[in-house]
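Listed below are the residues making up each chain.
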Amino acid sequence: MTKKFYLTTAIDYPNSRPHIGTAFEKIGADVQARYRRQEGYAVHFLMGNDENTVKVSRRAEELGRDVKEYCDDMARQFQEVWRALDISFDDFIQTSEPRHHAACQKFIQKVFDAGHIYKGGYEGWYCDGCEAFKTDKEVKEAGGLCPAHLKAPIRRTEPCYYFALSKFQDRLLAFYEEHPDFIQPESRRNEVVTLVKGELRDVNITRTGETWGIPVPFDPEFTIYVWFDALLNYVSAIGYGTDDEKFNQWWPADVHFIGKDITRFHCALWPAMLMAAELPVPRTVFGHGFVYIKDDKTGTLDKISKSLGNVVEPMEIVTKFSSEAFRYYFLRECPFPGDGEFSWNRFADVFNADLANKLGNLYSRGVTLISKNYDSVLSGTAGRTPTEIEPELVAIVKQVRTNVEACHYSVALEKIWLAFTVPMNQYLEKTEPWKLVKTDKDAAKEVLFTLVEQLRRITILLKPFLPRSSETIYRGFNFAQPWESVQYADAAAAGKYADDVRVTAALEAGKVKPLFPRIG
RNA sequence: CCCGGGGUGGAGCAGUGGUAGCUCGCCAGGCUCAUAACCUGGAGGUCGUAGGUUCAAAUCCUGCCCCCGGAACCA
């Protein structure tokens, strides 16, 4: 039986376009999705937008647009960006969709019937200008004023419904104990456990006086508020309340990819909600790090922020360079579990060093040497095994695999370069096939055969990371195995050479077009 | 004040007990098949700090200093 793998990313607020930080999360999730598919899992990869928020309806109002129409347009724009980055999502949910509404209503009703929701009151700082409550922190930081309207908020109480989160304290702690891998990476674990051990307050899950949002079925004056709505996208998208068969096929999720800032909601509130509804809890939650922007001129490091004016849009990089360049930079330079930096200078350095100078150049060298000296065919290589230059091959592939599965992408990529790309360049330097071809053509052929074999391995390992370039390189030769079916195990085994190695890439004057043209 | 994370050569990062490692940058050589790419060698770190445990600590323990983040719409 095929193993299933259900993974999700956080849903985004569509009140502004995605930036490189949000893209970082999607790329990390995408590598996992592609890797699992490659390894034979039945994969379902969900992404989406979080639309039932006051900010979104306000933003649409500001623009004089219908809220739903605005959301649909933004959803289209988001997906356009994700597709440009080759994010291989299987489904994209908008929380304004009927399927999500239906699921939320069923879910909240079930939890209400089970006695985990009660009516109470919410007291806080209310700003008339915003027609919304402000957090204590917001008010405090603005010197006792509403940060948007710069006027004093008033103390106001309104009725609302609470989810009895505090009742789940013991069950949550027991759950963390039994499932030590639930919270990833390990370093986030303490934070959540400490938090849950401390004061766990019941959460307000409704609003009143809003027309945009999901009505509470047992009291339609109210709409479902924030997290109680947003988190449910993970179940509503796969048919909770609307398609039991599909739901049972995929739930529970194998991993939720989220930003480290919302770890607590996914690791405390979400499992408690599921327990309340008597549903299984996800296997893991992965809280990835953040990307900070480094200013090349001043050297200062800042959070990505509109007000600082340092937002870099993914499309800017994709258009100037390529989606592969974008993916590689963030996957190699920013450790997925931890924080990383982006700067244009660093981007150019990494691109040139790893992609242009090492990998791309190696491919060019191989193709040119074979096409010029052997008329693109290494005759007599059919059915043979090339010379091995990586004695630890099986162990290396295993390490790469382990790191990919643990989402330590930067480590995995470093290993691939150190174990294959760099040694291959050294091997060429030692054997000098461009000289050898004049004195011992068969020996030189053997070196190039080895080079092709190394490229085959690199592309297979790189397939989840750089889906396009790895395919281009692979298809540059006549490998017997279809690209669609290659797996990591194939990288650890000798290639199957049914026919003599042949260069099948398109050539111009015996050369391939550079895969990664140098920057600068 | 409290909680969590972190402080490793110029920059960015690995490294949880046993000769301090990777990438970029820098200096000097080599090579010329290749995208002026590639290869070799070198300079550069008392691993925030003060103690402690140990035959042995970046790695474990304690104090202190500094940076980042910290519950309601912020990836």
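Structure's up top.
Residues numbered from 1 in each chain as written. Chains lettered and ligands numbered in written order. Predicted model: local features only at pLDDT ≥ 70, side-chain atom pairs only at ≥ 80, totals over all residues. Heavy atoms only, no water.

Caption draft 1: Seen up close, the environment of Lys 294. Its location among the elements puts Lys 294 in strand β13 (residues 291–294). Taking the C-alpha atoms as reference points, Lys 294 and Tyr 122, separated by 172 residues in sequence, lie 41 Å from one another. Setting aside anything within four residues of it in sequence, one finds Lys 294 in contact with Gly 299, Thr 300, Leu 301, Glu 341, Phe 342 and Ser 343. (Helix = DSSP H or I, 4+ residues; strand = E, 2+ residues; numbered from the N terminus. Contact = heavy atoms within 4.5 Å.)

Caption draft 2: Just the pattern of salt bridges, in detail. Counted under the stated rule, the structure contains 32 salt bridges. Across the pair Glu 313 and Arg 17 runs a salt bridge whose closest N-O atoms are separated by 3.1 Å. With Glu 313 in the loop between β14 (301–303) and α12 (314–320) and Arg 17 in the loop between β1 (4–9) and α1 (20–38), the pair connects residues that are 296 residues apart, well separated along the chain. The exposure class assigned to Glu 313 is partly exposed, which follows from its relative accessible area of 27%. The exposure class of Arg 17 is partly exposed, given its relative accessible area of 31%. The residue Arg 76 makes a salt bridge to Asp 73 at a minimum N-O spacing of 2.5 Å. Residue Arg 76 and its partner Asp 73 are located together in helix α3 (residues 67–84), separated by three residues, close to a single helical turn. We classify Arg 76 as partly exposed; its relative accessible area is 47%. Among the charged side chains, a network of salt bridges with common partners joins Arg 65, Glu 69, Asp 73, Arg 76 and Glu 80. (Salt bridge = Lys/Arg side-chain N within 4 Å of Asp/Glu carboxyl O. Buried < 20%, exposed > 50% of the residue type's maximum accessible area, 1.4 Å probe, protein only.)

Caption draft 3: Region of interest: the protein's contact with RNA strand B. In the region of RNA strand B, 62 residues are neighbours, and Tyr 225, Asn 361, Arg 365, Glu 414 and Gln 426 sit closest. Among all atoms of RNA strand B positioned within 4 Å of the protein, those belonging to sugar or phosphate total 69%. In this structure, a base nitrogen belonging to RNA strand B sits 2.4 Å away from a side-chain N or O atom of Tyr 225. Measuring from a sugar or linking oxygen of RNA strand B, one finds a side-chain N or O atom of Asp 349 at 3.0 Å. (Near = heavy atom within 4 Å. Polar contact = N/O pair within 3.5 Å; in protein donor to acceptor, adjacent residues only side chain to side chain.)

Caption draft 4: Just the nonpolar core, in detail. Ranked by size, the top nonpolar core spans 106 residues in total, and within it Ile 20, Trp 82, Phe 330, Phe 342, Phe 465 and Phe 477 carry the most contacts. Sorting elements by how many residues they give to this core places helix α14 (residues 344–374) first, with 13 residues. Look past the residues within four positions of Trp 82 in its chain and what remains in contact with it is Asp 12, Pro 18, Thr 22, Ala 23, Lys 26, Met 47, Ile 87, Phe 89 and Phe 92. Grouped together as the second largest cluster of nonpolar side chains are 59 residues, Phe 175, Tyr 176, Val 192 and Ala 277 included. (Core = buried A, V, L, I, M, F, W, Y, C linked by side-chain atoms within 4.5 Å.)

Caption draft 5: Looking closely at the packing of aromatic side chains. In the structure shown here, the tally under the stated rule is 48 aromatic pairs. Centroid distance Phe 5 to Tyr 41: 5.9 Å. Interplanar angle 80°. Geometry classified as edge-to-face. In this pair, Phe 5 is assigned in strand β1 and Tyr 41 in the loop between α1 and β2 (42–49), connecting sequence segments 36 residues apart. Centre to centre, the rings of Phe 112 and Phe 218 are 3.7 Å apart; their planes meet at 10°, and the pair counts as stacked. You can see Phe 112 sitting in helix α4 (residues 98–113) and its partner Phe 218 sitting in the loop between β9 (206–208) and β10 (222–224), a full 106 residues away along the chain. Its relative accessible area of 28% is what places Phe 112 among the partly exposed residues. The ring of Trp 344 has Lys 320 lying over it, and the distance from NZ or CZ to the ring centre is 4.7 Å. Positioned above the aromatic ring of Tyr 374, the side-chain terminus of Lys 441 is 5.1 Å from the ring centre. (Phe/Tyr/Trp six-rings, centres within 6.5 Å; stacked < 30°, edge-to-face > 60°. Lys NZ or Arg CZ within 6 Å of the ring centre and 35° of its normal.)

Caption draft 6: Representation of the packing of helix α2 (residues 54–62) against α3 in the model. For the pair α2 and α3, interaxial distance at closest approach is 9 Å and the crossing angle is 100°. Our classification of the angle between α2 and α3 gives roughly perpendicular. Across from Val 56, Ser 57, Arg 59 and Ala 60 in α2, the residues of α3 making contact are Val 67, Tyr 70 and Cys 71. Residue composition of the contact of α2 with α3, grouped by class: five nonpolar, one polar and one charged. (Axes fitted to C-alpha atoms, helices over the stretch in contact; angles between N-to-C directions. Parallel < 35°, antiparallel > 145°, perpendicular 65-115°, else oblique. Nonpolar A, V, L, I, M, F, W, Y, C, P; charged D, E, K, R; others polar.)

Caption draft 7: Seen up close, helix α16 (residues 409–431). End to end, α16 covers 32 Å across 23 residues, agreeing with the expected 33 Å (1.5 Å per residue, within 8%). A bend of about 35° at Trp 417 is the largest found in α16. Among the residues trailing α16, Glu 432 stands out with phi positive, at a value near 45°. (Expected span 1.5 Å × (residues − 1). Bend = angle between axes of the 7 residues up to and from the residue.)

Caption draft 8: The arrangement of the sheet that holds β1 in detail. Taken together, six strands build an open sheet; the order of strands is β3-β2-β1-β11-β12-β7 and the sheet is parallel. This sheet does not close on itself; its edge strands, each paired only once, are β3 (91–94) and β7 (183–184). The pairing of β1 with β2 spans five bridges and is parallel. When the sheet's bridge partners are listed, Thr 8 is paired in β2 with Leu 46. (Pairing = 2+ DSSP bridges.)

Caption draft 9: Looking closely at the side chain of Gln 32. With respect to the helices, strands and loops of the structure, Gln 32 is situated in helix α1. Among the polar contacts made by the side chain of Gln 32, one reaches the main-chain carbonyl oxygen of Val 404 at a distance of 2.9 Å. Look past the residues within four positions of Gln 32 in its chain and what remains in contact with it is Phe 5, Leu 7, Phe 257, Val 404, Glu 405, Cys 407 and Tyr 409.

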